[in-house]
Amino acid sequence: MRLAVNAWFWDSPTTGSGQYVQRLIEHLSALEQKPEVILVGLGLRRRVGSTGLRSHAHKIWFEQVWFPRACARLGVDVAHVPYWGPPLTSPVPTVVTIHDLIPLLLREYRGGWPVRLYTALVSLAARRAALILTDSQASRQDIVTHLKLPPERVRVIYLGVGAQYHPTPAPEDEAIRARYGLPERYMLYLGGFDVRKNVAMLLRAYRLAGPVIGEDCPLAIVGQLPTRDTPLTPDPRRLAREEGVDGRFVRFVDFADEAAKPALYRGAVAFVFPSRYEGFGLPPLEALACGTPVICS
């Protein structure tokens, strides 16, 4: 079988969509009866970039025109779009992975008319797909309900964690934590900073919890800190100041090193994940695999 995979997010390993497609290809290649996999679009995203109206228009053109044409030209049997961006028409059966329906379900993420138009386009296109894959029963129920798809066309395949997430300390763990300025004991938040991640509530809680737990076990807030403080991605450092959180009890770590994550999980007293909506929520599973207790909403 020849399989074409939309590789738009291949060069974005710090995003969920980028990690998903990279791990997908890695495991497809390890199958005993592996398909012939063709990555379609490698390099296009790199040339266009990932921000600005022009790049968004190019992304839509790639999804709706270039990718289906490439599938026809390559003579593939099946196309897989590993994120919510399927083509409206396709020359071959298309499988789409929809991780969540955030732009439909959360008001803050609906954006202006271009975002709403794109959401309407990919919603219609998803209804024409041969099969929808998703990460959880919760997301499956959202997809069936809001996209009005027959339940038999939506299949749950749970996410898993890599072998690097395990409870046995690695020799480099202590050096990695020292590199990020983390003490011997700390509570850990590791993730994004858009509003659904609910970091503001975590900081409000730690304003009260910090003095009780003590400064020898601060809250480490780790992730790629926002470069712009916006309503959608509020800067947690500003939120901490506004909440009056004592700086002795919270540390902010600007972080983008995927290879260091297991060491940070393993060193934490507990992992805190107060997100108010996830299609799956992989970080709690990663922390649990490292033997770290999880405090989760």
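What counts and how
- Residues numbered from 1 in each chain as written.
- Predicted model: local features only at pLDDT ≥ 70, side-chain atom pairs only at ≥ 80, totals over all residues.
- Heavy atoms only, no water.
- Helix = DSSP H or I, 4+ residues; strand = E, 2+ residues; numbered from the N terminus.
- Buried < 20%, exposed > 50% of the residue type's maximum accessible area, 1.4 Å probe, protein only.
- Contact = heavy atoms within 4.5 Å.
- Core = buried A, V, L, I, M, F, W, Y, C linked by side-chain atoms within 4.5 Å.
- Pairing = 2+ DSSP bridges.
- Axes fitted to C-alpha atoms, helices over the stretch in contact; angles between N-to-C directions.
- Arc of directions from axis to C-beta.
- Phe/Tyr/Trp six-rings, centres within 6.5 Å; stacked < 30°, edge-to-face > 60°.
- Lys NZ or Arg CZ within 6 Å of the ring centre and 35° of its normal.
- Salt bridge = Lys/Arg side-chain N within 4 Å of Asp/Glu carboxyl O.

Student: Before we move on, could you go through the overall build of the protein chain and cite the residues and values that matter?
Tutor: Each helix and strand counted, the protein chain has eleven helices and eleven strands in total. Viewed in the frame of its principal axes, the protein chain has a C-alpha envelope of about 60 × 45 × 40 Å. Taking all 297 residues of the protein chain together, the buried fraction comes to 48%. A fraction of 67% describes how many contacts in the protein chain between residues 6 or more apart in sequence connect residues 24 or more apart.

Student: Break down the nonpolar core for me, with residues and values.
Tutor: Of all hydrophobic cores here, the largest spans 38 residues; its most connected members are L188 and L264. When contributions to this core are tallied by element, the ones reaching two or more residues are β7 (187-190), α8 (199-213), β8 (219-223), α9 (236-243), β9 (250-254), α10 (261-267) and β10 (270-273). In terms of nonpolar packing, the next biggest core, distinct from the first, is built from 28 residues, A4, I38, I98 and I143 among them.

Student: Mind laying out the sheet that holds β7, listing which residues take part and the relevant values?
Tutor: Spatial strand order, β9-β8-β7-β10-β11: five strands in an open sheet with parallel pairing. The open sheet has two edge strands with one neighbour each: β9 and β11 (294-296). In this sheet, neighbouring strand axes are inclined to one another by 25 degrees on average, regardless of whether the strands run parallel or antiparallel. As judged from the five bridges shared by β8 and β9, these two strands associate in the parallel manner. Counterpart to A220 in the pairing with β9 is R251. Where α8 meets the sheet, it contacts β7, β8, β9 and β10, and its direction lies at approximately 165 degrees from that of β8.

Student: Give a description of helix α11 (residues 282-289) that names residues and reports values.
Tutor: Among all positions in α11, only P283, P284, E286 and A287 are buried. Buried residues in α11, looked at end-on, bunch into an arc of 160 degrees, giving them a common side. Elements in contact with the buried residues of α11: β7, α10, β10 and β11. Phi for G291, located one or two positions after α11, is positive at around 80 degrees.

Student: Just give me the short version of the sheet that holds strand β2 (residues 36-40), but keep the residues and values in it.
Tutor: Reading across from one edge, β2-β1-β3-β4-β5-β6 is the order of the six strands in this open sheet, with parallel pairing throughout. The open sheet has two edge strands with one neighbour each: β2 and β6 (154-156). Going across the sheet, the axis of each strand differs from the next one's by a mean of 25 degrees, ignoring polarity. Summarising the sheet, strand β1 (residues 2-6) and β2 pair through five bridges and their orientation is parallel. Each residue of the ladder has a partner; that of L3, found in β2, is V37.

Student: If you had to explain α9 to someone new, which residues and values would you point to?
Tutor: Within the sequence span of α9, burial applies to P236, L239 and A240. End-on, the buried residues of α9 take up no more than an arc of 100 degrees, which puts them together on one face. Along α9, the residues that are exposed and aim more than 90 degrees away from the buried face are R241 and E242. In this fold, the buried residues of α9 make contact with α8 and β9. Following α9 by one or two positions, G244 adopts a phi angle in the positive range, close to 70 degrees.

Student: Which residues make up the packing of aromatic side chains, and what are the values?
Tutor: Summed over the entire model, instances satisfying the criterion amount to nine aromatic pairs. In textbook terms, an aromatic cluster arises when at least three aromatic residues are bridged by ring pairs, as seen for W8, F62, W66 and F67. The aromatic ring of W66 is capped on one face by R73, whose charged end is 5.8 Å from the ring centroid.

Student: Outline the pattern of salt bridges, supporting the account with residue identities and numerical values.
Tutor: Here the structure, examined in full by the defined rule, presents 19 salt bridges. The closest approach of N and O atoms between E215 and R248, which form a salt bridge, is 3.4 Å. With E215 in the loop between α8 and β8 and R248 in the loop between α9 and β9, this residue pair connects regions lying 33 residues apart in the sequence. On the accessibility criterion, E215 (45% relative accessible area) is partly exposed. What emerges from the salt-bridge pattern is a single network uniting D194, R196, K197 and E278.

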